[in-house]
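This is what each chain is made of:
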Amino acid sequence: MIRFLIKGLLRDSHRSRLPLIVVAFGVMLTILLTTWITGILGDSINLNAKLATGHLKVITRAYQENMDQLPVDLALTGTSGLIKSLRTDFPAVSWVERIEFGGLLDLPDENNETKSQGPFAGIAIDMFNIDSGEKERLNLKKILVDGKLPSSSGELLVSSSFAQKLGIKIRDKVTFIGSTMFGEMAINNYTVAGTIRYGISSLDKGSIIMDISDARNALDMEDACNEILGFTGTDYYDDAKATEVMTSFNKKHLENKDQFAPVMLRLRDQNDLGTLIDLMNGVVGLISFIFILAMSVVLWNAALIGGLRRYGEVGLRLAIGEEKGHIYRSLIAESLIIGIAGSFLGTAVGLSISYLVQQKGIDLSKLMESATMIMPGVFRTKITPASWYIGFIPGILATVLGTALAGIGIYRRQTASLFKELQS
Amino acid sequence: MENSEIISVRDLTKRFPMGLSEFTALRGISLEFSRGEFSGVVGPSGSGKTTLLNIIGLLDNPTDGDVIILGNPSKNLSVKEAAMIRRKHMGFIFQTYNLLPVYTVFENVEFPLLLLSMSTGERKKAVLEALAWVGLSDKEKSKPAQLSGGECQRVAIARAMVKRPEIVLADEPTANLDADNSHHILQTMEKLNKELHTTFIFATHDEKVISYLRRKITLVDGKVSHDDVLKP
């Protein structure tokens, strides 16, 4: 019987073409949307982790309350000991020290008078220690626009838009003006080694990167930093693993009520990234639900139209002794075949397009120029293992549901009028 | 061979609701059909021919009275049991052929056998035999759209006969055919009736069909007015 049904489906394009197109199109859209959202949100989360939040972050309790202001005066002290114990207690996590700070960057003229000046957000990383992996983590080689990466103390990188705005050129001497960890004025001179472009307009507008030892000297932060970041190894954030490490660390320091006592945060606890993670996890289900609903309605209608076209066939089958349940089940079997075929087709097309966008990306950096969030300028899809089967859920469910609803009419059919109906 | 009773219609009445009143289509009909009969129910439109065929075919239930098919009183049959009797023991021929357009002649004829759980080999043998009966062996791969009206009706006959049913019910089988084709398919059915001893019951007012009948039951206003044996 199944072979008989398949033959009918293959030969009757009216019976199979529209549902197949609807299913394939819906499945393709489901995959494109889920990979697109997973890609964008995943990239945003990944970018935030690398630049600002880590997968885990250790700070002081006081710093936690004022984290938006990046206060260096509320930094962790004795960090060499703290990071040593972190590496011992949690060896699977890669721990690095960072100093995030703000200040003014001043470009002097030939008379050492201010030529131009602007506020910046600075990140100090362990740039010269190969084992830290910070240069690779921030992808510095790739985002370098001009000049070179700092190779010695006293050199820094300036974001290209910021450099352009202030008229800074490579090898220019610039002055950092800020305040030390103890609230005193800090003034230090540096050489611009290169310019960088993150492709994130909020950072490109005004940021610098320097080695952490230079920042420590400038900010008087001997054996101190305001953030210790932990990375769980993989590119993508593992919430369960991060929670486990955080719970263990915080339990150990629970009794210490000092405002400078260390506290650990997960990525999801910072920058509203928890919402983003929940959205990413929930969005696949939501998209599937929407497509199941929308496709079911379309396929219900398609099946109703198909039912009208096959009114005579169903009547004949009832007359020659096929049971209503058997006819109903055979229609469901047909829809299952269409659902599976359409889902395969839609998945193939959807994954192909997703793969292209994953590899090439879509550059929307021009549109993101005024964005203040840390978001990538080039948007990419992300194919995950779920992408291979996620389309089958709306594809098959919607087809079966649509046919099941339309097929109820078979049970309302009266055999008493079949002779008359089959005469027309 | 017309000796054993196969269908017994007993004091059959069928009423249909019509607004607040009722329309009586059949009024206390009693008939017996024996195995191998070639009979027809004739009468003008509205006389109750199709209603009688519906009830004999277990597609409808009587209001009063009963029909006993192959020893099974229709009153006692569930919908599933009625479907099973139709599936195994009855064939239907309709005025408009009702062939499935996307399937070949072979597949159309094979369709009733798919419901009987027969093996592929058994089905193929039965279908080829049925097509040979109606003279369409060379058309097994054709689609209904490639056939003439007469050929389509012959396919419908093969479909009705392929499972070798005891009873074939034919409602106006020649209504859409010209005289030549009508005679051709009637001769085919007459031959099958004689060879396979299948009971044929027609509902018709076509004189060409009536000329082939061996028994003519005339209905007028839901009652049997004449029950004549035309040919012994």
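Just so it is clear, the model here is predicted, and its values are computed rather than measured.

Notes on the packing of helix α1 (residues 2–11) of chain A against helix α3 (residues 105–114) of chain B
Point 1. Across the interface, α1(A) lies against α3(B) with an axial gap of 12 Å and an inter-helix angle of 145°. Between α1(A) and α3(B) the crossing geometry is left-handed. Residues A:Phe4, A:Lys7 and A:Arg11 of α1(A) lie in contact with α3(B), whose contacting residues are B:Glu107, B:Phe111 and B:Leu114.
Point 2. For the contact of α1(A) with α3(B), the per-class residue count stands at three nonpolar, no polar and three charged.

A look at empty space enclosed by the protein
Taking a probe equal in size to a water molecule and rolling it over the atoms shows the remaining empty space.
Point 1. By the definition in use, this model includes one cavity of 30 Å³ or more.
Point 2. Estimates place the volume of the largest cavity at around 30 Å³.
Point 3. Around the largest cavity sit A:Ile320, B:Met90, B:Gly91, B:Phe92, B:Pro112, B:Arg159, B:Ala160 and B:Lys163, which together line it.
Point 4. Of all elements in the fold, only β6 (90–93) and α5 (149–161) of chain B reach the threshold of two or more residues within the lining of the largest cavity.
Point 5. A per-element tally of the lining of the largest cavity places β6(B) first, with three residues.
Point 6. Taken together, the residues of the lining of the largest cavity break down into five nonpolar, one polar and two charged.

Description of the layout of surface pockets
Residues and elements named next belong to chain A.
Point 1. Looking at the second largest pocket, its volume works out to about 580 Å³.
Point 2. Around the second largest pocket, the lining comprises 27 residues; the ones closest to its centre are Ala 302, Ala 303, Leu 304, Gly 306 and Gly 307.
Point 3. Within the residue set of the lining of the second largest pocket, elements represented by two or more residues are α2 (13–53), α11 (273–309), α12 (311–319), α13 (324–360), α14 (392–407) and α15 (409–412).
Point 4. Sorting elements by how many residues they give to the lining of the second largest pocket places α11 first, with nine residues.
Point 5. Across the lining of the second largest pocket, the residue classes break down as 14 nonpolar, eight polar and five charged.

Quick word on the pairing of strand β9 (residues 207–211) of chain A
All names here are of chain A.
Point 1. Of all five residues making up β9, five are buried, and the element is well covered by its neighbours.
Point 2. Neither face of β9 is exposed, since Ser 207, Ile 209 and Asp 211 on one face and Ile 208 and Met 210 on the opposite face are all buried.
Point 3. Here strand β4 (residues 114–125) pairs with β9 via five bridges, running parallel. Within β9, the position partnered with Ile 125 by the bridge is Asp 211.
Point 4. In the sheet, strand β6 (residues 155–159) pairs with β9 via three bridges, with the strands oriented antiparallel. In the sheet register, Leu 157 faces β9, and the bridge partner there is Ile 209.

Topic: the side chain of A:Asp12
Point 1. Summarising the element assignment, A:Asp12 is placed in the loop between α1 and α2.
Point 2. Residue A:Asp12 is classed as buried on the basis of its relative accessible area of 6%.
Point 3. Apart from residues no more than four positions distant in its own chain, A:Asp12 is found in contact with A:Arg309 and B:Val102.

Concerning the interface of chain B and chain A
Point 1. Listed per partner, the contact involves 29 residues of chain B and 25 residues of chain A.
Point 2. Of the roughly 2700 Å² buried between chain B and chain A, counting both surfaces, carbon and sulfur atoms make up 63%.
Point 3. The largest contributions to the chain B side of the interface with chain A come from B:Leu59, B:Tyr103 and B:Phe111, which together make up 22% of the buried area.
Point 4. On inspection of chain B and its partner chain A, the count reaches three salt bridges.

Some points on the nonpolar core
Residue and element names in this part refer to chain A.
Point 1. Within the largest apolar cluster, 67 residues are counted, with the highest numbers of intra-cluster contacts made by Trp 95, Ile 99 and Phe 101.
Point 2. Per-element tally for this core: the top contributor is α11, with nine residues.
Point 3. Here this core spans two domains, and each of domain 1 (2–47 + 275–423) and domain 2 (56–231) adds at least three residues to it.
Point 4. Not counting chain neighbours up to four residues away, the residues in contact with Phe 101 comprise Leu 70, Val 72, Phe 120, Ala 121, Gly 122, Ile 123, Ala 124, Phe 176, Ile 208, Met 210, Ala 215 and Leu 219.

A closer look at the sheet that holds strand β3 (residues 38–42) of chain B
All names here are of chain B.
Point 1. Within the open sheet, the six strands sit side by side as β6-β7-β8-β3-β9-β10. Their pairing is mixed. A single partner strand is all that each edge strand has here, and the edge strands are β6 and β10 (223–229). Strand-to-strand twist in this sheet, taken as the mean axis angle between neighbours without regard to direction, amounts to 15°.
Point 2. Pairing geometry for β3 and strand β9 (residues 215–220), over four bridges, is parallel. In the strand pairing of β9, Val 41 is matched with Ile 217.

Looking at the confidence of the model for chain A
Point 1. Across chain A, the average pLDDT comes to 87, with 95% of residues at or above 70.
Point 2. Averaged over each element, pLDDT in chain A is lowest for helix α16 (residues 418–423) of chain A (67) and highest for β6(A) (95).

Section: the sheet that holds strand β2 (residues 21–34) of chain B
Strand pairs in the sheet, formed through backbone hydrogen bonds, run parallel or antiparallel to each other.
All names here are of chain B.
Point 1. The four strands are arranged β2-β1-β4-β5 in an open sheet whose pairing can be described as antiparallel. Bordering the open sheet on either side are β2 and β5 (72–73), each of which pairs with just one other strand.
Point 2. Strand direction decides the pairing type here: strand β1 (residues 5–18) and strand β4 (residues 64–69), joined by five bridges, are antiparallel. From the neighbouring strand, Ser 8 faces β4, where its bridge partner is Ile 68.
Point 3. Set on the sheet, helix α1 (residues 49–56) makes contact with β1, β2 and β4; between it and β1 the angle comes to about 120°.

Let's talk about the packing of α3(B) against α5(B)
Angle between the axes and distance between the axes: these two values describe a pair of packed helices.
Residue and element names in this part refer to chain B.
Point 1. Direction vectors running N to C along α3 and α5 enclose 30°, while the axes themselves pass 7 Å from each other. Compared by their axis directions, α3 and α5 come out roughly parallel. Here the hand of the crossing between α3 and α5 comes out right-handed. Contacts between α3 and α5 involve Val 105, Asn 108, Val 109 and Pro 112 from the former and Val 155, Ala 158 and Arg 159 from the latter.
Point 2. The class makeup of the residues in the contact of α3 with α5 is five nonpolar, one polar and one charged.

Conventions adopted
- Residues numbered from 1 in each chain as written.
- Chains lettered and ligands numbered in written order.
- Predicted model: local features only at pLDDT ≥ 70, side-chain atom pairs only at ≥ 80, totals over all residues.
- Heavy atoms only, no water.
- Axes fitted to C-alpha atoms, helices over the stretch in contact; angles between N-to-C directions.
- Helix = DSSP H or I, 4+ residues; strand = E, 2+ residues; numbered from the N terminus.
- Left-handed = near helix turned anticlockwise from the far one by under 90°.
- Contact = heavy atoms within 4.5 Å.
- Nonpolar A, V, L, I, M, F, W, Y, C, P; charged D, E, K, R; others polar.
- 1 Å grid on protein atoms, 1.4 Å probe; cavity = no way out; pocket = protein on both sides within 12 Å on 5 of 7 lines; lining within 4 Å.
- Points joined across faces, edges and corners; volume = space filled by probe spheres on them.
- Buried < 20%, exposed > 50% of the residue type's maximum accessible area, 1.4 Å probe, protein only.
- Pairing = 2+ DSSP bridges.
- Buried area = accessible area lost by both parts, 1.4 Å probe.
- Salt bridge = Lys/Arg side-chain N within 4 Å of Asp/Glu carboxyl O.
- Core = buried A, V, L, I, M, F, W, Y, C linked by side-chain atoms within 4.5 Å.
- Domains from an automatic or database assignment.
- pLDDT = per-residue confidence, 0-100.
- Parallel < 35°, antiparallel > 145°, perpendicular 65-115°, else oblique.

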